[in-house]
Amino acid sequence: MNRPLALQPGARIGLIAPSGPFERESFERGLATLTSWGFEAVYEDDIFAREGYLAGSDDRRIHELHRQLDDPSLKALLAVRGGYGVHRLLDRLDPERVRRSEKLLIGFSDISGLHLAWRRFGGPSTLHGPNLTGLANLDEALVKRWLALVSGSETASKLHNDPLEMLREGRAEGSLLPTNLCLLSTLMGTDFVPDLDGVILALEDVGEALYRIDRMLRQLALAGVFSRVAGLVLGQFTPPGDMENTMRHDFERQVAHLALEVTQSSGIPVVSGFPFGHEPFNHPLPVGVACELDAFRGRLRLTSPFVQTL
């Protein structure tokens, strides 16, 4: 495993916007939060560019990403927000820059496309977690967990305190791969999906109707994904529109049923209820780190260090 460098107080973190544009107010709030944690944010003024649903042109966004990867003074890259746009950059992303980087990449949602590419290219492990615009909304427990993970003070432990719900019994060990379901399904068949053999796959998504979740899970099944992975963890599947709590619970149960259907033939352990995704409680999860899934105990824990400390 290629481990990124741990983040120490005063570390310089490069901000990137490879996807959609964002509101200046949410940017400033996130920036203030990151600074209050003792880090220095680095960015250029063109990060505020807008071209429709994109944070500026493809040229601007890929040059920003390569520039930040090349900057030896930066210890991490943090995405400002998700949205859409990473797909447009993947065929221009320099694999060699990714491989030689020791920087920690942080973000989620559309940034899942970069997490997948990093694994495919042999880059350092990354962190699936809140983007800059979500940092100000984290509660104290999540802030402590985020800081513990990136600093290396928490190297092998349960990733969540409350037990997960067992949907199918079993135990499995493998590399942890948390990702957005839509991003993974739309990249299947391309050169930007990493080796899925033996991984513990964790999935989340937002705003997708049940039939679309069904279709994406079936696509993964038809591609042989669930016969290759060692286990499945369901995160937050935020339904489209506003739903009452009872309807949301029913939606989650139907997603769980679909997951059991597509994994029936492989019989892998399946759990649900891990709090990562597009809800306010978005738990940070390392990508590409050895972990153990124990469905009997409802436990997911790291079994090796996430970052390298000097």
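Below, the structure is looked at part by part.

Reading guide: rules and limits
- Residues numbered from 1 in each chain as written.
- Predicted model: local features only at pLDDT ≥ 70, side-chain atom pairs only at ≥ 80, totals over all residues.
- Heavy atoms only, no water.
- Axes fitted to C-alpha atoms, helices over the stretch in contact; angles between N-to-C directions.
- Helix = DSSP H or I, 4+ residues; strand = E, 2+ residues; numbered from the N terminus.
- Parallel < 35°, antiparallel > 145°, perpendicular 65-115°, else oblique.
- Left-handed = near helix turned anticlockwise from the far one by under 90°.
- Contact = heavy atoms within 4.5 Å.
- Nonpolar A, V, L, I, M, F, W, Y, C, P; charged D, E, K, R; others polar.
- Pairing = 2+ DSSP bridges.
- Phe/Tyr/Trp six-rings, centres within 6.5 Å; stacked < 30°, edge-to-face > 60°.
- Buried < 20%, exposed > 50% of the residue type's maximum accessible area, 1.4 Å probe, protein only.
- Right-handed = clockwise from strand over helix to strand, strands pointing away.

Section: the packing of helix α7 (residues 210–222) against helix α8 (residues 245–262)
Two numbers describe how α7 lies on α8: the axes approach to 10 Å, and their chain directions differ by 20 degrees. By the angle between their directions, the pair α7 and α8 is classed as roughly parallel. Helix-helix and strand crossings are classified by hand; for α7 and α8 the assignment is right-handed. Within the contact between the two elements, α7 uses Leu210, Ile213, Asp214, Leu217, Arg218 and Ala221 and α8 uses Phe251, Gln254, Val255, Leu258, Ala259, Glu261 and Val262. The residue inventory of the contact of α7 with α8, partitioned by class, reads 9 nonpolar, 1 polar and 3 charged.

Considerations on the sheet that holds strand β1 (residues 12–16)
Reading across from one edge, β2-β1-β3-β4-β5-β11 is the order of the 6 strands in this open sheet, with mixed pairing throughout. Only two strands of the sheet have a single partner each, and these edge strands are β2 (40–42) and β11 (285–287). Sheet twist, expressed as the mean angle between neighbouring strand axes with direction ignored, is 30 degrees. Inspection of the sheet shows β1 paired to β2 by 3 bridges, in the parallel sense. Paired with Gly14 across the bridge in β2 is Val42. Here helix α2 (residues 58–70) sits on the sheet in contact with β1, β2 and β3 (74–79), set at roughly 170 degrees to β1. Sheet strands touched by helix α5 (residues 140–151): β4 (104–107), β5 (126–128) and β11. Its angle to β5, the strand with the most contacts, is close to 165 degrees.

Brief notes about the packing of aromatic side chains
Within the structure shown, the criterion is met by 10 aromatic pairs. Here the aromatic rings of Phe27 and Tyr43 are separated by 5.2 Å at their centres, their planes lie at 80 degrees, and the arrangement is edge-to-face. With a gap of 16 residues between them, Phe27 in helix α1 (residues 24–36) and Tyr43 in the loop between β2 and α2 connect regions that are remote in the sequence. A relative accessible area of 28% places Tyr43 in the partly exposed class. Where Phe27 meets Phe48, the ring centres are 4.9 Å apart and the plane angle is 75 degrees; that geometry is what we call edge-to-face. Highlighted residues: Phe27 in helix α1 and Phe48 in the loop between β2 and α2, separated in sequence by 21 residues.

Regarding the pairing of strand β9 (residues 231–238)
Most of β9 is tucked away: 8 of the 8 residues are buried. Here strand β8 (residues 200–206) runs beside β9; their pairing, made up of 6 bridges, is parallel. Residue pairing in the sheet places Asp205 in a bridge with Phe237 of β9. As for the winding sense of the linkage, the β-α-β connection from β8 through α7 to β9 is right-handed.

Quick notes on the sheet that holds strand β10 (residues 270–272)
Strand order across the open sheet formed by 7 strands is β6-β10-β9-β8-β7-β12-β13, with mixed pairing between neighbours. Every other strand in the sheet has two partners, leaving β6 (165–168) and β13 (299–302) as the edge strands with one partner each. On average, adjacent strands in this sheet sit at an angle of 30 degrees to one another, irrespective of strand direction. Pairing of strand β7 (residues 171–180) with strand β12 (residues 290–294), which is carried by 5 bridges, proceeds in the antiparallel orientation. Paired with Ser175 across the two strands is Ala290, which belongs to β12.

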